[in-house]
Amino acid sequence: IIMANSSSPVSGTMLNREQLARLYDISQELQATLEPKVALQLILQHAIELTAADSASISLVNPGNALLELEASRGLPESLTHDYQLALGRGITGWVAKHGSPALIADVREDARYMSLWGDVRSELAVPFDVHGEVRGVLNVDSTELNTFDETDQAMLSALAIQASRIIGKTWLFKQIQGKAAMLESLAQINETLQQTLSLDEALEAVTREACRLMSATMGSVLLLDESKDWLDLKASYGAGKTYQAKPRLHVDESFAGAALRRDHPIQLKDVRRSSLYQNTELACEEGLVSM
C-alpha cells in the first residue's frame, strides 16, 4: 500500500501490483542517479508517462521571498521556464503550495483558482511534497484533454513527489554544508588579511572581495556614513567598473542603501532595473546588475 502523500493521502486509493512494481523500478532508477537535475527530469518524464499528461513541472517555495519558483519542467514553453515565479495561493499550483493539499481538476475552465499560462490546458493535477517536514514544493501535470486524471493518477503522482522531496532534501543539505564550509573559509581568509594589515581601506577591500566570493555575486561594495550622517560614501568595491566607482554619493534619506541603515535591517531588490527605489538604473544596466 502506498500513501499518496505524507500530508495529504488519497483516502481509499489502492495501487495494483503492476503500478507498485512500476514505482519500485522508478525508485531504483532514481537511486542510481547521482545528479539531482537529471533525477528531477526523470521524475517529470515518468509523471507524464504514468498520467498521460502533456506537460509536467516541479516548483519549489523559495524561503527567502515566499514565492513559488519553477525548478524543472517538461513540455512547457521556454517563455515559462526562465525566472518564472508565482505567489503562494495564486493559481492551482500556488493554492496547493499554500494549503499543502492536492488538487485534481477535471476542467480548469470551471475552477476559479486556475490561471491560464500557456496553451489549451483543460485538466490539471498538482500534489504537494514536504522537505524536512514543511511543504516546500509542488509536482504538477497538465493535459489538453478534459478529465484526464483520476485518483489513481493522484496516488502515482504523490509517490513520485515523495521521490522528488528526497532528492531536493539531499541537494539542499549538500548546498548547506558547502555554504558553511565556504563561509568558514572566507572568514578565515578575512581574519588572516586583517591581521596582516593596519589599513582600513585594505581591510574593507578584503571584506568586500570575500563577500562577493561567498555570495557568488557579480559585484560588491561598502558604503560608509560621512561625519554628517547624511551621506553614504563608497569606500570599497569588488567587481565594479570605473563608472560605478565614480558614481555620486548617496543621501541616506533618498537611497535604497540608505533605507537599510534607516530600518537597521537587511533588505533586497529583485530587479534594480525596474525599481523606483534604486536611483542608478542606467548604471545598473551598464554594469549588468539585476538583484541587490
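Small disclaimer: the values here were computed from a predicted structure and weren't measured. (Residues numbered from 1 in each chain as written. Predicted model: local features only at pLDDT ≥ 70, side-chain atom pairs only at ≥ 80, totals over all residues. Heavy atoms only, no water.)

(A) Spotlight on the overall build of the chain. What the chain contains, in helices and strands, is eight helices and nine strands. Expressed as a percentage of the 292 residues in the chain, the buried residues total 43%. Expressed as a percentage of contacts within the chain between residues at least 6 apart in sequence, the contacts between residues at least 24 apart total 48%. Counting every atom, the chain has about 16900 Å² of accessible surface; 51% of that belongs to carbon and sulfur. (Helix = DSSP H or I, 4+ residues; strand = E, 2+ residues; numbered from the N terminus. Buried < 20%, exposed > 50% of the residue type's maximum accessible area, 1.4 Å probe, protein only. Contact = heavy atoms within 4.5 Å. Areas by Shrake-Rupley, 256 points an atom, 1.4 Å probe, with all protein chains shown as cover.)

(B) Main features of helix 5 (residues 200-215). In a regular helix each residue adds 1.5 Å, so 16 residues correspond to 22 Å; helix 5 covers 22 Å between its end C-alpha atoms and thus fits that length. Among the residues making up helix 5, those that are buried are Ala203, Leu204, Ala206, Thr208, Glu210 and Cys212. By the N-cap criterion, in which a side-chain oxygen at the helix start approaches the backbone nitrogen of a residue two or three places on, helix 5 is capped by Ser199, the distance to Asp201 being 3.4 Å. (Expected span 1.5 Å × (residues − 1). Polar contact = N/O pair within 3.5 Å; in protein donor to acceptor, adjacent residues only side chain to side chain.)

(C) View of the packing of aromatic side chains. Under the counting rule described, the total for this entry stands at zero aromatic pairs. Against the face of Trp95 rests Arg113, its NZ or CZ located 4.4 Å from the ring centre. (Phe/Tyr/Trp six-rings, centres within 6.5 Å; stacked < 30°, edge-to-face > 60°. Lys NZ or Arg CZ within 6 Å of the ring centre and 35° of its normal.)

(D) The arrangement of the packing of helix 1 (residues 17-31) against helix 2 (residues 36-51) in detail. Close contact between helix 1 and helix 2 brings their axes to 10 Å; oriented N to C, the two are set at 165°. Taken together, the axes of helix 1 and helix 2 lie roughly antiparallel to each other. In the crossing of helix 1 with helix 2, the sense of the turn from one axis to the other is right-handed. The residues of helix 2 that touch helix 1, namely those facing Arg22, Leu23, Ile26, Glu29 and Leu30, are Ala39, Leu42, Ile43, His46, Glu49 and Leu50. Split into classes, the residues belonging to the contact of helix 1 with helix 2 amount to seven nonpolar, one polar and three charged. (Axes fitted to C-alpha atoms, helices over the stretch in contact; angles between N-to-C directions. Parallel < 35°, antiparallel > 145°, perpendicular 65-115°, else oblique. Left-handed = near helix turned anticlockwise from the far one by under 90°. Nonpolar A, V, L, I, M, F, W, Y, C, P; charged D, E, K, R; others polar.)

(E) Structural context of the pattern of salt bridges. Applying the stated criterion across every chain, the model contains eight salt bridges. Between Glu210 and Arg209 there is a salt bridge, and its shortest N-O distance comes to 3.8 Å. Of the charged contacts in the structure, one is a salt bridge between Arg249 and Asp226, with a shortest N-O distance of 3.1 Å. With a gap of 23 residues between them, Arg249 in the loop between helix 6 (242-245) and strand 9 (250-251) and Asp226 in the loop between strand 7 (220-225) and strand 8 (231-238) connect regions that are remote in the sequence. By relative accessible area, which is 40% here, Arg249 ends up partly exposed. Overlapping salt bridges bring together Arg209, Glu210 and Arg213 as one network. (Salt bridge = Lys/Arg side-chain N within 4 Å of Asp/Glu carboxyl O.)

(F) Summary view of unusual backbone geometry. The backbone of Lys229 sits at a positive phi, close to 65°, despite the residue not being glycine. Along the chain, Lys229 turns up in the loop between strand 7 and strand 8. A relative accessible area of 61% places Lys229 in the exposed class. Phi is positive for Asp264, close to 55°, though the residue is something other than glycine. Within the secondary structure, Asp264 sits in the loop between helix 7 (256-263) and helix 8 (281-287).

(G) Geometry of the nonpolar core. One finds Leu40, Ile43, Ile58, Leu139 and Val141 to be the most contacted residues of the largest nonpolar core, which totals 33 residues. Those elements that provide at least two residues to this core are helix 1, helix 2, strand 1 (55-62), strand 5 (123-131), strand 6 (134-143) and helix 4 (151-196). Broken down by element, the residue count for this core peaks at nine residues, all from helix 4. Not counting residues within four places of it along the chain, the set of residues in contact with Leu139 comprises Ile43, Leu44, Ser57, Ile58, Leu125, Ala126, Val127, Phe129, Leu157, Leu160 and Ala161. Leu68, Val96, Val108 and Tyr114 belong to the second-largest nonpolar core, a separate cluster that totals 17 residues. (Core = buried A, V, L, I, M, F, W, Y, C linked by side-chain atoms within 4.5 Å.)

(H) Main features of the environment of Leu261. Inspection of the secondary structure assignment puts Leu261 in helix 7. Residue Leu261 is classed as partly exposed on the basis of its relative accessible area of 43%. Taking the C-alpha atoms as reference, Leu261 lies 9.5 Å from Leu225; in sequence the two are 36 residues apart. The contact partners of Leu261, leaving out residues within four places of it in the chain, are Leu225 and Leu232.

(I) Molecular detail of the pairing of strand 1. Counted residue by residue, strand 1 has seven buried out of eight residues, so it is predominantly covered. As paired elements, strand 1 and strand 6 share six bridges and run antiparallel to each other. Counterpart to Ile58 in the pairing with strand 6 is Leu139. Here strand 1 pairs with strand 2 (residues 67-74) via seven bridges, running antiparallel. Bridge pairing in strand 2 links Ser57 to Ser73. (Pairing = 2+ DSSP bridges.)

Bear in mind that shape data such as this cannot, by itself, settle questions of function.
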